[in-house]
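Here is what each chain is made of, one letter per residue.
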Amino acid sequence: MRRRLRLVCLGWLLFGCGDDGGGSSGGRPVGDPCERSTDCELDCVLPSDVYPGGFCSRWCGDDWSCPSGSQCMDLGGDIYCFRQCWTSDECRDGWGCGSAGACVPCGVEPSACAADADADADVEDTPDAPDEGVEPDAADADADAGADADADADADADADVSALPNGSPCTRASECRSRLCLPPEMGGVCAARCAPDDPCDYGYSCVPFAEDSDANGRTDRVGYGCYDWTTDRTQDGLACTEDVQCRSRLCEGGVCTRLCGSAGDCVPLTVCGSATLPLDDGTGTYPVCRFETVAAGEIRAVPIATLTMSTGTTGRLGELWMPPNAVSLQLFAQQMGTRGAYLGVLNAYDPANDRIYNYDDFVEGRDTPNWHMPDSRAASFFVPISNRVTFRVGRYLWTPVMFAPDGTSSFDDAVEWSAYVKFDPAGATAGRLAANLYFVGCGVTASTAPTSTRFQAALDEWERIYATAGITVGDYTYRDITGSAATTYSTVAYAEDIDQGEVGPLMALTAGRTEHAVNVFFVHDFTGYGLLGIAGGIPGPPAVHGTTHSAVIVNLDGAWGYGGAFLGQVIAHEVGHYLGLWHSTENPEGGWPYGGDPLADTTTGDTNNLMYWQAAGGSRLSAGQGWVMRRSPTVRTP
Ligand SMILES: [Zn+2]
């Protein structure tokens with residue numbers, strides 16, 4: 001009568017032995033081209049539009065440490081180790097030595113690849129040598145040209161020769177070649193001009209400021225200048241309370257945000273809106289990424305990207321900013337192709353830049369706060385999966401990963417990544433859960449279930465247990481699986497190989513359903529293991545139907561003889577997994593490195609808990625378990 005959790009056991013066996021994708025056999029150093037992680041000493045950032053040819057590197061957002069000869073940089077949200085350089089000769093084709101002293105793709109910093117000839121001039125370009133009369137470097141040339149055009153009215157052609165280059169301390173615009181002197185709070189230095197749709201070079205952010213355009217001592221318009229943030233690490237999307245903390249000098253809605261030239265400059269859940277800037281003469285406005293207003297109670301599906309991924313390697317870093325009133329985030333990845341792989345997240349960082357998940361730590365038993373197990377074909381990463389995790393406003397980052405089932409095969413597939421974000425200004429204190437019930441060649445049917453005393457007693461027990469966690473279960477639909485599917489799946493064949501067995505195909509029969517509900521299949525039996533039930537994931541797809549994980553399956557005939565309450569506990573247990581609960585006590589002989597879930601208020605060995613690994617009659621949920629379940633995007637707000 002054991003309840004066994006296939007996801008845990010299989011996943012652990014598989015990933016326990018094949019974990020870091022064969023990481024360190026290839027040996028290429030940081031910056032070299034690569035196609036998979038086995039090419040590199042560290043890992044491979046896969047070829048993409050941004051990184052043609054890929055490059056050997058690794059994510060370094062946790063401690064900003066990189067191997068010697070490389071440095072950690074945030075290149076538009078991609079925080080990786082980049083090879084250090086003095087000139088572009090030291091960088092591979094298509095890459096140049098960027099303003100921060102590391103090789104970067106030409107497409108990211110065009111001036112890095114154009115500016116070699118100016119390298120010597122750069123060295124001499126100090127405030128003490130203002131008479132050279134040449135543009136200091138190609139990087140500034142474009143912006144300066146624009147600035148000159150912009151400031152024609154007060155520009156004095158002669159002044160260009162003697163005026164100060166960018167970065168020089170200044171008090172008045174007329175002292176600067178660029179005709180722009182940033183105000184003291186932004187450094188009080190000459191700076192290149194920029195615009196919301198004309199950003200600065202890497203290492204600088206385009207910041208708005210109150211400008212005195214006619215030098216009459218009164219600010220009269222919004223100016224934009226390139227602010228050097230290289231000594232400041234508060235990146236876009238991270239928490240702030242005031243502008244000066246931010247690299248962008250823009251703190252909005254509790255996070256450092258940025259200017260936007262178009263909607264495409266803002267990450268999902270933020271929009272390109274307008275902010276005001278007080279001037280001595282009137283009020284100015286500038287465009288800035290700010291959080292969308294989301295209706296209370298909404299569960300927002302957020303498309304992220306369809307990535308071409310390769311087994312054994314990581315994919316392009318994902319980024320989402322959580323708005324105020326968001327209570328949870330469930331990332332969801334789905335393979336598009338037919339050859340099954342394992343999908344998941346390798347690392348994840350929260351808006352405090354704390355690492356909340358690391359795959360190696362997790363599978364090796366070094367407790368990581370936000371548990372997650374990569375899963376076959378469709379996988380979820382749910383934050384917060386424990387009340388030890390603080391869910392924060394701002395930027396979440398994650399590294400997607402794909403594994404081959406055998407740990408070694410190499411193949412590619414398109415993987416669709418999306419997110420489900422739940423909004424509840426009331427803080428998820430209560431919830432509603434609907435259920436689609438399917439009957440598959442078992443002793444109850446869609447027509448007999450609504451009047452079956454024992455089956456209704458099971459639903460009553462499920463409702464009673466979940467009510468203790470503030471969740472109202474109801475809104476049932478009843479449906480029979482008929483025809484050959486009923487015959488085939490009446491007894492569900494269970495197999496370790498993800499492309500064999502019938503668990504996935506049965507769960508996929510939910511395709512086409514549209515209810516915001518959890519799918520529960522009732523079958524006659526499982527082959528082999530004496531299972532009472534299986535959940536499609538921890539958590540399962542967030543009310544997404546038609547995937548091989550979009551349901552729980554309950555062994556109705558196996559539980560029936562123990563009475564309605566027992567059957568109700570089995571349903572409640574499996575749906576508990578689906579909403580994000582791990583076993584409160586794990587099978588001590590299962591080879592799993594944890595005694596039980598990551599929650600602080602469940603006790604290992606407590607057989608009264610609903611999520612005890614065996615059907616021991618427990619039906620209790622701790623406060624922490626309810627806290628997690630109510631945050632599931634499968635559970636609606638009341
Ligand atoms: Zn279980």
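As the structure is a computational prediction, the values presented were derived from the model and not from experiment.

(A) Looking closely at the pattern of salt bridges. Taken as a whole, this structure holds 17 salt bridges when the rule is applied. Linking Arg193 and Glu211 is a salt bridge whose minimum nitrogen-to-oxygen distance equals 2.6 Å. With Arg193 in the loop between helix H5 (159–162) and strand S7 (204–211) and Glu211 in strand S7, the pair connects residues that are 18 residues apart, well separated along the chain. Accessibility assignment for this pair places Arg193 and Glu211 in one class, buried.

(B) Looking closely at the sheet that holds strand S22 (residues 412–423). The antiparallel open sheet is built from four strands, whose spatial order is S13-S22-S16-S20. For this open sheet the edge positions go to strand S13 (299–310) and strand S20 (378–383), each flanked by a neighbour on one side alone. Each strand axis lies, on average, 15 degrees off the axis of its neighbour in the sheet, ignoring direction.

(C) Expanded view of the coordination of the zinc ion. His573 (NE2), His577 (NE2) and His583 (NE2) make up the full set of protein donors to the zinc ion, lying at 2.0 to 2.1 Å. Spacing between the donor residues of the zinc ion along the chain follows H-x3-H-x5-H. Here His573 and its partner His577 are both found in helix H11 (residues 564–578), four residues apart, which amounts to about one turn of the helix.

(D) The arrangement of the packing of aromatic side chains in detail. By the definition in use, this model includes 29 aromatic pairs. Considering the side-chain rings of Phe439 and Tyr478, the 6.3 Å spacing of their centres and the 5 degrees angle between planes classify their relative orientation as stacked. Separated by 39 residues along the polypeptide, Phe439 in strand S23 (residues 431–440) and Tyr478 in strand S24 (residues 471–480) bring together distant segments of the chain. Given the relative accessible area of 1%, Phe439 is considered buried. Ring pairs connect the aromatic residues Tyr357, Phe362, Trp371, Phe381, Trp582, Trp592 and Tyr594, which therefore count as one cluster. Residue placement shows Arg247 over the ring face of Trp229; its charged tip is 3.5 Å from the ring centre.

(E) Quick peek at the state of the cysteines. The full count for this structure, using the stated rule, is ten disulfides. The disulfide that involves Cys170 links it to Cys181, with 2.1 Å between the sulfurs. Here the disulfide of Cys170 and Cys181 is right-handed, its torsion about the S-S bond being about 100 degrees. Residue Cys170 is located in the loop between H5 and S7, and its partner Cys181 is located in the loop between H5 and S7; the two are separated by eleven residues in the primary sequence. Classification of Cys181 as buried rests on a relative accessible area of 13%. Across a sulfur-sulfur distance of 2.0 Å, Cys260 and Cys272 are joined as a disulfide pair. Between Cys260 and Cys272 the sulfur-sulfur dihedral comes to about 90 degrees; the bridge is accordingly right-handed.

(F) Focus on the pairing of strand S17 (residues 342–349). A large share of S17 lies buried, amounting to eight of its eight residues. Where S17 lies against strand S19 (residues 375–376), two bridges are found, and the strand directions are antiparallel. In the strand pairing of S19, Tyr342 is matched with Ser376. With seven bridges joining them, S17 and strand S21 (residues 394–403) adopt antiparallel strand pairing. Note on S21: the bridge partner recorded for Tyr342 is Phe403. Sheet analysis places S17 next to strand S18 (residues 355–358), joined by three bridges and oriented antiparallel.

(G) Broad picture of the side chain of Arg513. Relative to the assigned elements, Arg513 resides in the loop between helix H9 (503–507) and strand S26 (517–523). With relative accessibility at 11%, the residue Arg513 sits in the buried group. Among the polar contacts listed, one links the side chain of Arg513 to the side chain of Thr477, at a separation of 3.1 Å. Ignoring any residue separated from it by four or fewer positions in sequence, one finds Arg513 in contact with Asn436, Tyr438, Thr477, Arg479 and His545.

(H) Spotlight on the confidence of the model for the protein. Residues of the protein with pLDDT of at least 70 account for 85%, and the chain-wide mean is 84. Under a pLDDT of 50 for its full length, residues 1–25 has, in the predicted model, 81 contacts with residues more than four places off or in other chains. Residue range residues 116–159 is modelled with pLDDT below 50. Its contacts to residues more than four positions away, or to other chains, number 47 contacts.

(I) Examining the nonpolar core more closely. Judged by nonpolar contacts, the single largest core of 89 residues is most densely connected at Leu433, Phe455, Trp462, Tyr466, Val520, Phe522 and Val575. If sequence neighbours within four positions are ignored, Trp462 has contacts with Leu433, Ala435, Val473, Tyr476, Val518, Val520, Gly568, Ile571, Ala572 and Val575. Among the nonpolar cores identified, the runner-up in size contains 33 residues, and Leu75, Ile79, Tyr80 and Cys81 belong to it.

(J) Structural view of the sheet that holds S26. Taking strand neighbours across the sheet as the criterion, the five strands line up as S24-S23-S26-S29-S28 in an open arrangement whose pairing is mixed. The sheet terminates laterally at S24 and strand S28 (533–535), the two strands that pair on one side only. Taking the axes of each pair of neighbouring strands and ignoring which way they run, one obtains an average angle of 20 degrees across the sheet. Along the sheet, helix H7 (residues 453–467) contacts S23, S24 and S26; its crossing angle with S24, the most-contacted strand, is approximately 150 degrees. In this fold H11 packs onto S23, S26, S28 and strand S29 (552–555), with an angle of close to 160 degrees to the strand it touches most, S29.

(K) Local environment of the environment of Ser168. By the secondary structure assignment, Ser168 is in the loop between H5 and S7. Separated by 19 residues in sequence, Ser168 and Gly187 have C-alpha atoms that sit 9.6 Å apart.

What counts, and where the lines are drawn
Residues numbered from 1 in each chain as written. Predicted model: local features only at pLDDT ≥ 70, side-chain atom pairs only at ≥ 80, totals over all residues. Heavy atoms only, no water. Salt bridge = Lys/Arg side-chain N within 4 Å of Asp/Glu carboxyl O. Helix = DSSP H or I, 4+ residues; strand = E, 2+ residues; numbered from the N terminus. Buried < 20%, exposed > 50% of the residue type's maximum accessible area, 1.4 Å probe, protein only. Pairing = 2+ DSSP bridges. Axes fitted to C-alpha atoms, helices over the stretch in contact; angles between N-to-C directions. Donors = N, O, S within 2.8 Å, 3.2 Å for Na, K, Ca; no water. Phe/Tyr/Trp six-rings, centres within 6.5 Å; stacked < 30°, edge-to-face > 60°. Lys NZ or Arg CZ within 6 Å of the ring centre and 35° of its normal. Disulfide = S-S within 2.5 Å. Polar contact = N/O pair within 3.5 Å; in protein donor to acceptor, adjacent residues only side chain to side chain. Contact = heavy atoms within 4.5 Å. pLDDT = per-residue confidence, 0-100. Core = buried A, V, L, I, M, F, W, Y, C linked by side-chain atoms within 4.5 Å.

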